[in-house]
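Examination of the molecular architecture
Here is how the chains run, residue by residue.
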Amino acid sequence: AQCRWLGWSEALEPRLLAWMKDHHKATRAGNKEVLAQVAQEFDDIILSELRPRQNSNARYDDVTAHLCRTTFEGRLLTDQEVISILRNWTGGDLGSIALCVGVILHYIANHPELALKLQLAGDEEVEAFIDEVLRMDDPFISNRRVTTCPVHIGGQDIPSGSKIKLHWTSANRDELVFGDNDFNPVKNRPNNLVYGVGKHVCPGRLLATWQLRIMVQALLSTGQKILPASNEQSVREVAPLGGFNRVPIMIA
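Let me sum up the structure you'll find in this document.

Description of the nonpolar core
Judged by nonpolar contacts, the single largest core of 26 residues is most densely connected at Ile104, Phe129, Ile130, Leu134, Leu212 and Val216. When contributions to this core are tallied by element, the ones reaching two or more residues are helix H5 (79-109), helix H6 (114-120), helix H7 (123-136) and helix H11 (205-220). It is H5 that provides the largest number of residues to this core, a total of 8 residues. Those residues within four positions of Phe129 in sequence are excluded, and the remaining contacts are Tyr107, Ile108, Leu114, Leu118, Phe183 and Pro185. Ranked by size, the runner-up nonpolar core spans 20 residues in total, among them Leu6, Val38, Leu67 and Ile83.

Notes on unusual backbone geometry
Positive phi values are uncommon outside glycine, yet Glu73 reaches one of about 55°. As for its placement among the helices and strands, Glu73 is situated in the loop between strand S1 (71-72) and strand S2 (75-76). Here Glu73 falls in the exposed class, since its relative accessible area comes to 72%.

Digging into the packing of aromatic side chains
Taken as a whole and assessed by the stated rule, the structure comprises 5 aromatic pairs. Centre to centre, the rings of Tyr107 and Phe183 are 5.1 Å apart; their planes meet at 15°, and the pair counts as stacked. Of this pair, Tyr107 sits in helix H5 while Phe183 is found in the loop between helix H9 (175-178) and helix H10 (185-188), placing the two residues 76 residues apart along the sequence. Members of the aromatic cluster, connected to one another through ring pairs, are Tyr107, Phe129 and Phe183. If you follow Arg236 out to its NZ or CZ, it ends over the ring of Phe244, 4.1 Å from the centre.

What about the side chain of Thr209?
Along the chain, the position of Thr209 falls in helix H11. Apart from residues no more than four positions distant in its own chain, Thr209 is found in contact with Glu127 and Tyr195.

Thoughts on H7
Spanning 14 residues, H7 covers 20 Å between terminal C-alpha atoms, matching the ideal 20 Å at 1.5 Å per step. Burial analysis of H7 places 10 of its 14 residues in the buried class, the great majority of the element. Regarding H7, the residues found buried are Val126, Glu127, Ala128, Phe129, Ile130, Asp131, Glu132, Val133, Leu134 and Arg135.

Cut-offs used in this document
- Residues numbered from 1 in each chain as written.
- Predicted model: local features only at pLDDT ≥ 70, side-chain atom pairs only at ≥ 80, totals over all residues.
- Heavy atoms only, no water.
- Core = buried A, V, L, I, M, F, W, Y, C linked by side-chain atoms within 4.5 Å.
- Buried < 20%, exposed > 50% of the residue type's maximum accessible area, 1.4 Å probe, protein only.
- Helix = DSSP H or I, 4+ residues; strand = E, 2+ residues; numbered from the N terminus.
- Contact = heavy atoms within 4.5 Å.
- Phe/Tyr/Trp six-rings, centres within 6.5 Å; stacked < 30°, edge-to-face > 60°.
- Lys NZ or Arg CZ within 6 Å of the ring centre and 35° of its normal.
- Expected span 1.5 Å × (residues − 1).

Structural data, given as structure tokens:
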């Protein structure tokens, strides 16, 4: 789905999946040297797709080609700016979707009474259910930002240029907003921060929502139950990643 959306060769899929695996492994280990090597590997992959589109005679009409032609303050985006954007999107579509699938299936498997309800639910109801599962067990723990001006928040003065970490998991459990944090898809959906907010809201929210809904509906379409595997436990991811590394299930 990602390669088709971005206009990339589908032959890249195995290489991208291998890169995502290496990226997660390096992230868990916190090894900066390995992370730099993995980052360079991604740069090489993306440059192989950018160069043909930057050729003045190239006739591409896809998302990647549009990025190559995008201007900011009167200039074209640099290679590194385009690569940074595409790294964010790629990490989202390959890694983030996988983490979301694990969280959702783990919840359904451990709440088997939901299967029939979801089978009969409309698209919007299924999507609201997915959003609430991800709010309660947010696979995206945090983001880093740099303040662009002085700000006073939560009783603290934060100077301009400060490096801060936004803790999405904590924000999505804020008692001042979500009360006692009961599972309530309709009530909690407007304040859900799984996809971010403001200028940095996830541009792939609609696509991700459709992918996750179709995944749930496809698995439940046969009327079979999704249950936890009887011989193997689910394994959590290691911070700074959230969600699950492995979710064994049975379809019975």
